[in-house]
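Geometric and topological summary
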Amino acid sequence: MEAVAQKTRMVLLDGNSLTIDDFMALRTGDVVLGLTDDAWRRVEEGRKVVDDLLDRKQVAYGINTGFGNFANVLIPPEKLRELQENLIRSHSSGTGSPLTVEQTRGLLTLRINVLAKGYSGISRASLEQLIAAFNKSCLSKVPQKGTVGASGDLAPLSHLALGLMGEGEMWDVQEQKWAPAAEVLAKNGLRPLTLQAKEGLALINGTQLITSLCAEALSRSINISLCADGIAAMTLEALRGTPAAFREEIHAARPHKGQIRAARNMRSVLLLPSTIQDSHKNCGQVQDSYSLRCIPQVHGVVYDTIRFVKGILDTEMNSATDNPYGVGRQVTPMMANPAVLFRVKAKVVSGGNFHGEYPAKAADYLAIAVHELASISERRIERLVNPALSNQLPAFLVQEGGLNSGFMIAHCTAAALVSENKSLCHPASVDSVPTSAGKEDHVSMGGWAARKVLRVVEHVETVLAIELLATCQAMEFLRPLKTTEPLEQIYSLVRSVVPPYDRDRFMKPDIDAVLHLIQSGQVANILRPYFDATKEASSS
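Rules used throughout
- Residues numbered from 1 in each chain as written.
- Predicted model: local features only at pLDDT ≥ 70, side-chain atom pairs only at ≥ 80, totals over all residues.
- Heavy atoms only, no water.
- Helix = DSSP H or I, 4+ residues; strand = E, 2+ residues; numbered from the N terminus.
- Expected span 1.5 Å × (residues − 1).
- Buried < 20%, exposed > 50% of the residue type's maximum accessible area, 1.4 Å probe, protein only.
- Arc of directions from axis to C-beta.
- Contact = heavy atoms within 4.5 Å.
- Axes fitted to C-alpha atoms, helices over the stretch in contact; angles between N-to-C directions.
- Parallel < 35°, antiparallel > 145°, perpendicular 65-115°, else oblique.
- Left-handed = near helix turned anticlockwise from the far one by under 90°.
- Core = buried A, V, L, I, M, F, W, Y, C linked by side-chain atoms within 4.5 Å.
- Domains from an automatic or database assignment.
- 1 Å grid on protein atoms, 1.4 Å probe; cavity = no way out; pocket = protein on both sides within 12 Å on 5 of 7 lines; lining within 4 Å.
- Points joined across faces, edges and corners; volume = space filled by probe spheres on them.
- Nonpolar A, V, L, I, M, F, W, Y, C, P; charged D, E, K, R; others polar.

**What to know about helix α17 (residues 408-424)**
Its 17 residues give α17 an end-to-end C-alpha distance of 25 Å, which sits within 8% of 24 Å, the value for a rise of 1.5 Å per residue. Buried within α17 are the following residues: Ala 410, His 411, Ala 414, Leu 417, Val 418, Asn 421 and Leu 424. The arc that holds the buried residues of α17, viewed along the axis, is 135°, so those residues lie on one side. In α17, the exposed positions that point more than 90 degrees away from the buried face belong to Ile 409, Lys 422 and Ser 423. Considering only its buried residues, α17 is in contact with α16 (357-385) and α18 (446-476).

**As for the packing of helix α14 (residues 295-317) against α16**
Taken N-terminus to C-terminus, the directions of α14 and α16 make an angle of 160°; their axes are 9 Å apart at the nearest point. Classified by the angle between their axes, α14 and α16 sit roughly antiparallel to one another. In the crossing of α14 with α16, the sense of the turn from one axis to the other is left-handed. Contacts between α14 and α16 involve Ile 295, Val 298, His 299, Val 302, Thr 305, Ile 306, Phe 308, Val 309, Ile 312, Leu 313 and Glu 316 on the former and, on the latter, Tyr 358, Pro 359, Ala 362, Tyr 365, Leu 366, Ala 369, Val 370, Glu 372, Leu 373, Ile 376 and Arg 380.

**Here we look at the nonpolar core**
Within the largest apolar cluster, 151 residues are counted, with the highest numbers of intra-cluster contacts made by Leu 35, Ile 112 and Leu 127. A domain-level breakdown of this core finds at least three residues from each of domain 1 (10-205) and domain 2 (214-279 + 286-321 + 356-532). With near-sequence residues (within four places) excluded, Leu 127 lies in contact with Leu 35, Trp 40, Val 43, Ile 112, Leu 115 and Ile 122.

**Points about empty space enclosed by the protein**
With the rule as written, the count across this model stands at one cavity of 30 Å³ or more. Taken as a whole, the largest cavity encloses approximately 40 Å³ of empty space. In this structure, the largest cavity is lined by Leu 108, Arg 111, Leu 130, Leu 157, Leu 160, Ala 161, Leu 164 and Leu 203. Of all elements in the fold, only α4 (101-115) and α6 (154-164) reach the threshold of two or more residues within the lining of the largest cavity. Of the residues in the lining of the largest cavity, the class split is seven nonpolar, no polar and one charged.

This is the structure in structure tokens:
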């Protein structure tokens, strides 16, 4: 949970250009948001279309009709506000632990960005209230579970809207606890949201839960992919392996972009002065095991998958995912269907952009790919702790083995996490359960895909932390020999929080401390200048 933070900068949303980096910054609470003038103009145009439609007494789904299987039920004008409020209350039916404060802020960020496109029909006054709530960290309590990922993430987004209406609970940033939403809003000088026609639907129809959690997983995967290259290089050094398999010409013969990048990263931190390498230059060893020799081939496909997933999420974060769609836009169609022409002329078109298949598949692809960083890392840990494989390192990396167990069970933890990931990597998006009396007969199950990719990423981070801890311990048995400058920097970073093991001690705090070094970006920050410099040199 977070404490009260000083806002340091503003990000202006326009519905079209939100980046992963800005999204992650907005999640922190240190950044406020606003809308561009262009976005406000589109919002006002979109609301005018809804008001004009109501003035003409035209029937439009979700504006003056029921929802889902009740789409053919016409709602009288005097009950349109009640219709929207009932929608939010009835759909607030999620379950499970709440999203974190940061995740809820990310969810609200993406919903505001979608509303900024002007397709949703929300009023300027209501959107201003959402932005004010965001900037004061008035964040609704949103259960994680309950979305099937089509018709949007209805349950979680309804909980998000419910708090803004002054119902349910909100995060009290001053007291650092959940409290009644009406009290939190009042404490921050805000009033509950009063929904006008269409506005309830505008707040909940979209893929923002799937997309926001997957974007978090993507950002963390970008970080750990860099860490994995550096940690693997350290293990290669600790096991006195050879960097020959990373030669440029080998990877040019199989020129996958990610593979080339991973090999280049390995060369950038290994082809530097190293007395460890000097000590075994003439050892006669021809080649290393796959977990060392095939690092670029395994890590490389993770880079390529990350790039693919990023392309999907960059688009999804800046897409209109409402139904009905087209509010606030005059479309000139080339269609023969008169019914469609009529609806387009009215600027309201029913569609299926709320279906979460794109971000759901992205989450599943990412989970499968990033898991391999842990899978191959665990095999390297085995080589470090197994005296039959470690090139004369002591069993389980500890002296007086038997009296001390060293890294014996830390390796078991890594193996357990890798095994658990194998189940978590089964794609959620291959499943579909029809809902809403058969009206919504194919869904993405993207909510589960997004939640489980975060668990996979967390496990990968932890396995890499165990490998880093183990490879630094292995270095102790090679002293006074030293590895290359960037890898020595990582060693020193680890030793700033975890001393060497001369006997057994409580190990979990050490794993957690190194895990923080990885998650906070400190390990990647050491590696990035070396990786970037080599990339620039190879492209010049």
